[in-house]
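# Structural characterization, general
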Amino acid sequence: MSINAEEIQAPQLKDLSIVRNEQKELNILPVHHLDRAFKTATFGMGCFWGAESLYGGTRGVLRTTVGYAGGTKDQPTYRNLGDHTEVLEIDYDPTVISYQQLLHIFWNNHEYGLTTAIKRQYMSIILYHDDEQKQIAELSKVKEGKRRAPEVITTEIAPKRNFYPAEDYHQKYRLQGHRDLSETLNLNSKLLKTSYVATKLNGYLVGVGGVEQFKTEVDTMGLTPSQKEYCYHYIEKNEGQGLYC
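Because the structure is a prediction, the values reported are computed rather than measured.

Calculation rules
Residues numbered from 1 in each chain as written. Predicted model: local features only at pLDDT ≥ 70, side-chain atom pairs only at ≥ 80, totals over all residues. Heavy atoms only, no water. Helix = DSSP H or I, 4+ residues; strand = E, 2+ residues; numbered from the N terminus. Buried < 20%, exposed > 50% of the residue type's maximum accessible area, 1.4 Å probe, protein only. Contact = heavy atoms within 4.5 Å. Areas by Shrake-Rupley, 256 points an atom, 1.4 Å probe, with all protein chains shown as cover. Lys, Arg positive; Asp, Glu negative; His and termini not counted. Charge placed at Lys NZ, Arg CZ, Asp CG, Glu CD. Arc of directions from axis to C-beta. Salt bridge = Lys/Arg side-chain N within 4 Å of Asp/Glu carboxyl O. Axes fitted to C-alpha atoms, helices over the stretch in contact; angles between N-to-C directions. Parallel < 35°, antiparallel > 145°, perpendicular 65-115°, else oblique. Left-handed = near helix turned anticlockwise from the far one by under 90°. Nonpolar A, V, L, I, M, F, W, Y, C, P; charged D, E, K, R; others polar. Polar contact = N/O pair within 3.5 Å; in protein donor to acceptor, adjacent residues only side chain to side chain. Core = buried A, V, L, I, M, F, W, Y, C linked by side-chain atoms within 4.5 Å. Phe/Tyr/Trp six-rings, centres within 6.5 Å; stacked < 30°, edge-to-face > 60°. Lys NZ or Arg CZ within 6 Å of the ring centre and 35° of its normal.

### Quick word on the overall build of the protein
Tallying secondary structure elements over the protein gives 10 helices and 6 strands in all. Overall size of the protein, expressed as C-alpha extent along the three principal axes, is 55 × 45 × 35 Å. For the protein, buried positions account for 51% of its 245 residues. Put simply, of all contacts in the protein between residues at least 6 apart along the chain, 76% involve residues at least 24 apart. Put simply, the protein shows about 12300 Å² of open surface, and 49% of that area lies on carbon and sulfur atoms. The centroid of the 28 positive side-chain charges in the protein is displaced by 4 Å from the centroid of its 31 negative side-chain charges.

Right, here's the structure in full:
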């Protein structure tokens, strides 16, 4: 007798004491920080929720933070953004993934706005951190423009001068939809912006990277058996599905 996948009950984490006991007995705690050298990239490519998940589930990405940048208004907020754009800051391990590879993901995964002018909040933008990033980004844009012709790329390339983290409810938005799991990760306002395990799960839980890639990274995250079971279920369920808002 075959079993419909939709009839299989999803694993639950509502009894948080189970995870707490596993953490204590197995001496396992969520890994929020990896002591690795890193570089930072800043991109705007539409709604930042999807972009954060996309890069979070990418090998070599260590931390992601969504926020506002590129404008002149001091202390922007989501409801009072001024001339800023929704962007994503990405801390990445350059020995695993290059800036050029991050740009490849950037060019091929806009929700909107890459070749169509759109309001500044969601515009396509690359904010470079140094001259090397500027040179790579400008050359990459030229190559991408030739590939997409006759469409015209609207992406703005500018120096990164400021960055204002977005409100907590925007950070790791997809992960926060899994409330019980989030609680077992001991997340607070700071860790929502900086946590390694939160960054990775925010991508993997919506299917980015897929089950097989998750298996290669899961032991770096500090998850208990119950947490792993929960994650495997949703990664398998969501692999290959749509990502954006």
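There's more to say after this.
### As for helix α1 (residues 16-25)
Listing the buried residues of α1 in full gives L16, V19, E22 and Q23. Angularly, the buried residues of α1 cover 125° about the axis, an arc narrow enough to put them on a single face. When the buried face of α1 is taken as reference, the exposed residues oriented beyond 90 degrees from it are K24 and E25. Where α1 is buried, its residues meet α6 (179-184) and α10 (225-238). Count one or two residues on from α1 and you reach N27, which has phi positive near 55°.

### With respect to the pattern of salt bridges
According to the stated counting rule, one finds 11 salt bridges in the structure shown. With a closest N to O distance of 3.7 Å, D93 and R36 form a salt bridge. With D93 in the loop between β3 (85-92) and α3 (99-107) and R36 in the loop between α1 and β1 (39-45), this pair connects stretches of sequence that are 57 residues apart. For D93, a relative accessible area of 8% gives the class buried. Given a relative accessible area of 36%, R36 falls into the partly exposed group. A salt bridge links K160 to E89, with the shortest nitrogen-to-oxygen separation between them at 3.2 Å. Here K160, found in the loop between β5 (156-159) and β6 (164-165), pairs with E89, found in strand β3; they are 71 residues apart in sequence, far enough to count as distant.

### Concerning the packing of helix α8 (residues 196-204) against helix α9 (residues 210-217)
In a packed pair of helices, the relevant descriptors are the angle between the two axes and the axis-to-axis distance. Two elements in contact, α8 and α9, have axes separated by 11 Å at closest approach and are oriented at 165°. Taken together, the axes of α8 and α9 are roughly antiparallel relative to one another. The two elements α8 and α9 cross, and the hand of that crossing is left-handed. Contacts between α8 and α9 involve Y196, K200, L201 and Y204 from the first element and G210, Q213, F214 and E217 from the second. Counted by class, the contact of α8 with α9 contains 4 nonpolar, 2 polar and 2 charged residues.

### Here we look at α8
Burial runs high along α8: 9 of the 9 residues are buried. The residue sitting at the N-terminus of α8 and contributing the capping side-chain oxygen is S195; that oxygen lies 3.4 Å from the backbone nitrogen of V197.

### Details of the nonpolar core
Counting 31 residues, the largest nonpolar core has F43, Y55, Y99, L102, L103, F106 and I126 as the members making the most contacts within it. Only β1, α2 (48-56), β2 (61-69), β3 and α3 provide two or more residues apiece to this core. No other element matches α3, which puts 6 residues into this core. Excluding residues within four positions of it along the chain, L102 makes contact with A41, F43, Y55, V61, Y92 and I97. With 22 residues, the next largest nonpolar core counts L175, V197, V218 and Y230 among its residues.

### Some points on the packing of α9 against α10
Between α9 and α10, the shortest axis-to-axis distance is 8 Å and the interhelical angle comes to 150°. With respect to their mutual orientation, α9 and α10 come out roughly antiparallel. Contacts between α9 and α10 involve G210, V211, F214 and K215 on the former and, on the latter, C231, Y232, I235 and E236.

### Focus: the packing of aromatic side chains
In the structure shown here, the tally under the stated rule is 10 aromatic pairs. Taken together, a centroid distance of 5.1 Å and an interplanar angle of 70° make the contact between Y204 and F214 edge-to-face. With Y204 in helix α8 and F214 in helix α9, this residue pair connects regions lying 10 residues apart in the sequence. An identical accessibility class is assigned to Y204 and F214; each is buried. Ring pairs connect the aromatic residues F43, Y55, Y99, F106 and W107, which therefore count as one cluster. The ring of F38 has R63 sitting right over it, with the charged end atom 4.5 Å from the ring centre.

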